[in-house]
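Below, each chain spelled out in residue letters.
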Amino acid sequence: MARGWLKAIAADRELQSIIRVVGLVDVNPEAARALAAEFEIEDAVIGSDLDAVLTETAPDILFDIVIPAARRDVVATALRHGCHVLSEKPMAASLEAARELIELAGNAGRIHAIVQNRRFIAGIRRIRRFIESGAIGDLTAIHCDFFIGAHFGGFREEMEHVLLLDMAIHTFDAARFIADKTPLAVYCHEENPRGSWYTHGAAATAIFELADDVTFTYRGSWCAEGANTSWESEWRILGTEGTLLWDGAEALSANRVAGSEGFFRPLAPIEIPDPADPRETQGHASVIADFVAAVRTGTKPETVGDDNINSLAMVFAAIESARTRQRVTI
């Protein structure tokens, strides 16, 4: 993932001009040295001791790209050194740790934000703008399907609740952003289907209750071979006067009721507007740019921790519901 972040910075002229990498820390310093060589990062301090490298380099920001179990300590260390922090998702390995990081960031007077890069893509931005326009009336439901046979190897295949904790957070966060509604409760069923190459929780089905009587459903599997969806899921969004469909890639379409007669009412296609700002559609680069702008101006980035914890709360409520087989309030 560190490579992905550096690629995003290298491909964006503005980010390239304002970000200078002064240190790379890895439990395996050789991996950090290889990354520095690949991206021609010169004069960066390389080490395995985060505290020592932060002391030596005194950076303004830290990019936290560690596994979830290590996040709390890495972020806390960076905040103690006066850094603003942009973390990989999920925000924390527990809600308690997430709340602690919000408190630590507040006490330090620093920003801690999360890379929810999937909300910074054209499809999600277009849908949010479309819903806000009222083109299909009032939002009533969002339905998402995510089915991919992903053979990662490594730590994911050993994780508990792997789909909900490591991947579903993207769809949950995007749905919360599109709906602009507070999540209230969830019922979730989790399983590890026959043939799964994961240790635990490779598939889940969840029904979320959002504010204003909006329903959000999620069906997902990371061990579904044969017909992959997009990584962004497939979406059906219902309003009181029409429906929007998105395949998670380029195909977006919407229809609105265009008459008051007939068993099936006549429909008319509706144009879906372009994103309001193309700079908000570049994935990682857009998240990093939003974060850097917030650091410079003293404003809050879109994915700041005290907001992103609401998406994380959806994940842990779903996990608790799956464990207890009961509806859980968020």
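Residues numbered from 1 in each chain as written. Predicted model: local features only at pLDDT ≥ 70, side-chain atom pairs only at ≥ 80, totals over all residues. Heavy atoms only, no water.

Asker: Pulling in residues and values, what's your account of the overall build of the protein chain?
Answerer: If you tally the helices and strands in the protein chain, you get ten helices and 14 strands. The C-alpha radius of gyration of the protein chain comes to 21 Å, within 12% of the 20 Å expected for a compact globule of 330 residues. The buried share of the protein chain, reckoned over its 330 residues, is 50%. Considering only contacts within the protein chain whose residues lie at least 6 apart along the sequence, 66% involve residues at least 24 apart. (Helix = DSSP H or I, 4+ residues; strand = E, 2+ residues; numbered from the N terminus. Rg over C-alpha atoms; globule rule 2.2 N^0.38 Å. Buried < 20%, exposed > 50% of the residue type's maximum accessible area, 1.4 Å probe, protein only. Contact = heavy atoms within 4.5 Å.)

Asker: How would you summarise the environment of Ile 309 if you had to cite specific residues and measurements?
Answerer: Note on placement: Ile 309 falls in helix H10 (residues 305-324). With 35 residues separating them in the primary sequence, Ile 309 and Asp 274 have C-alpha atoms 29 Å apart. Not counting residues up to four positions away in its chain, the partners in contact with Ile 309 are Met 91, Leu 95, Ala 98, Arg 99 and Ile 102.

Asker: Break down the sheet that holds strand S9 (residues 214-221) for me, citing the residues and quoting the values.
Answerer: On the basis of which strands lie adjacent, the open sheet formed by nine strands has the order S13-S12-S11-S10-S6-S9-S8-S7-S14 and mixed pairing. Two strands bound the open sheet, and with one partner strand each, they are strand S13 (267-269) and strand S14 (328-329). Direction of pairing for strand S7 (residues 183-191) relative to S14: antiparallel, over a ladder of two bridges. Considered in S14, the bridge of Val 186 is made with Val 328. Across the face of the sheet, helix H7 (residues 122-133) comes into contact with strand S6 (139-147), strand S10 (234-239), strand S11 (242-246) and strand S12 (252-257) while running at roughly 175 degrees to S11. Sheet contacts for helix H8 (residues 162-179): S6, S7, strand S8 (203-210), S9 and S10; angle to S9, the most-contacted strand, approximately 150 degrees. (Pairing = 2+ DSSP bridges. Axes fitted to C-alpha atoms, helices over the stretch in contact; angles between N-to-C directions.)

Asker: Which residues make up the domain arrangement of the protein chain, and what values do they have?
Answerer: In terms of domains, the protein chain is made up of domain 1 (1-114) and domain 2 (122-276 + 310-329). Put simply, the middle of domain 1 and the middle of domain 2, counted by C-alpha atoms, are 30 Å apart. Note on domain 1 versus domain 2: buried area summed over both sides is about 770 Å², and carbon and sulfur give 77% of it. Three residues, Lys 89, Pro 90 and Leu 95, lead the burial of domain 1 against domain 2; their summed loss comes to 58% of the area buried on that side. A salt bridge links Lys 89 to Asp 166, with the nearest nitrogen and oxygen atoms 3.4 Å apart. Between domain 1 and domain 2 we count one residue pair in polar contact (both at pLDDT 80 or more) in total. (Domains from an automatic or database assignment. Buried area = accessible area lost by both parts, 1.4 Å probe. Salt bridge = Lys/Arg side-chain N within 4 Å of Asp/Glu carboxyl O. Polar contact = N/O pair within 3.5 Å; in protein donor to acceptor, adjacent residues only side chain to side chain.)

Asker: Would you mind going over the layout of surface pockets in detail, with residue names and values included?
Answerer: With a probe scaled to a water molecule rolled over the atoms, the places where space remains empty come into view. Computed from the structure, the second largest pocket encloses a volume of approximately 330 Å³. Ile 19, Arg 20, Val 21, Phe 39 and Ile 41 are the residues nearest the centre of the second largest pocket, which is lined by 14 residues in total. Here the lining of the second largest pocket gets three residues from one element, more than from any other, and that element is helix H1 (residues 2-10). Classifying every residue of the lining of the second largest pocket by side-chain character gives nine nonpolar, one polar and four charged. (1 Å grid on protein atoms, 1.4 Å probe; cavity = no way out; pocket = protein on both sides within 12 Å on 5 of 7 lines; lining within 4 Å. Points joined across faces, edges and corners; volume = space filled by probe spheres on them. Nonpolar A, V, L, I, M, F, W, Y, C, P; charged D, E, K, R; others polar.)

Asker: So what about H7? Which residues, and what values?
Answerer: In this model H7 runs 17 Å from its N-terminal to its C-terminal C-alpha over twelve residues, within 8% of the 16 Å that 1.5 Å per residue would give. Turning to H7, its buried residues number three or more, namely Gly 123, Ile 124, Arg 125, Arg 126, Ile 127, Arg 128, Phe 130 and Ile 131. Of the residues flanking the end of H7, it is Gly 134, one or two places downstream, whose phi is positive at about 75 degrees. (Expected span 1.5 Å × (residues − 1).)

Asker: An account of the side chain of Arg 176 is needed here, citing residue identities and associated values.
Answerer: Examined against the element boundaries, Arg 176 turns out to sit in helix H8. Within polar-contact distance, the side chain of Arg 176 engages the side chain of Asp 307 at 3.0 Å. Sequence-distant contacts of Arg 176, defined by excluding residues within four places in its chain, comprise Arg 119, Lys 181, Pro 183, Asp 307, Asn 308, Asn 310, Ser 311 and Met 314.

Asker: An account of the pairing of S6 is needed here, citing residue identities and associated values.
Answerer: Strand residues, when the strand is regular, have side chains that alternate between the two faces of the sheet. Taken together, the six bridges between S6 and S10 define a ladder with antiparallel strand orientation. Along S10, the bridge assignment pairs Asp 145 with Glu 234. Pairing of S6 with S9 involves seven bridges; the strand directions are parallel. Following the sheet pairing, Ile 142 is matched in S9 by Phe 216.

Asker: So what about the packing of H7 against H8? Which residues, and what values?
Answerer: Their axes nearest at 8 Å, the elements H7 and H8 cross at an angle of 30 degrees. Here H8 runs roughly parallel to H7, going by the angle between their axes. Here Ile 124, Arg 125, Ile 127, Arg 128 and Ile 131 of H7 come into contact with H8, specifically with Ala 174, Phe 177 and Ile 178. Each residue belonging to the contact of H7 with H8 can be placed in one class, and the counts come to six nonpolar, no polar and two charged. (Parallel < 35°, antiparallel > 145°, perpendicular 65-115°, else oblique.)

Asker: Account for the pairing of S10, naming residues and giving values.
Answerer: Alternating positions in S10 separate cleanly, Trp 235, Ile 237 and Gly 239 being buried on one face and Glu 234, Arg 236 and Leu 238 remaining unburied on the opposite face. In this structure, S10 lies alongside S11, joined through five bridges in antiparallel fashion. Bridge pairing in S11 places Leu 238 opposite Thr 243. Between S10 and S11, which pair antiparallel in sequence order, lie two residues.

Asker: Give a detailed account of the UniProt feature "domain: Gfo/Idh/MocA-like oxidoreductase N-terminal" (unreviewed entry) in the protein chain, specifying residues and quantitative values.
Answerer: Here the UniProt-annotated "domain: Gfo/Idh/MocA-like oxidoreductase N-terminal" (unreviewed entry) positions come out as residues 16-111. Strand forms 15% of residues 16-111 and helix 47%; the C-alpha atoms that close the span are 21 Å apart. (UniProt positions renumbered as here; feature names shortened; annotations may be inferred.)

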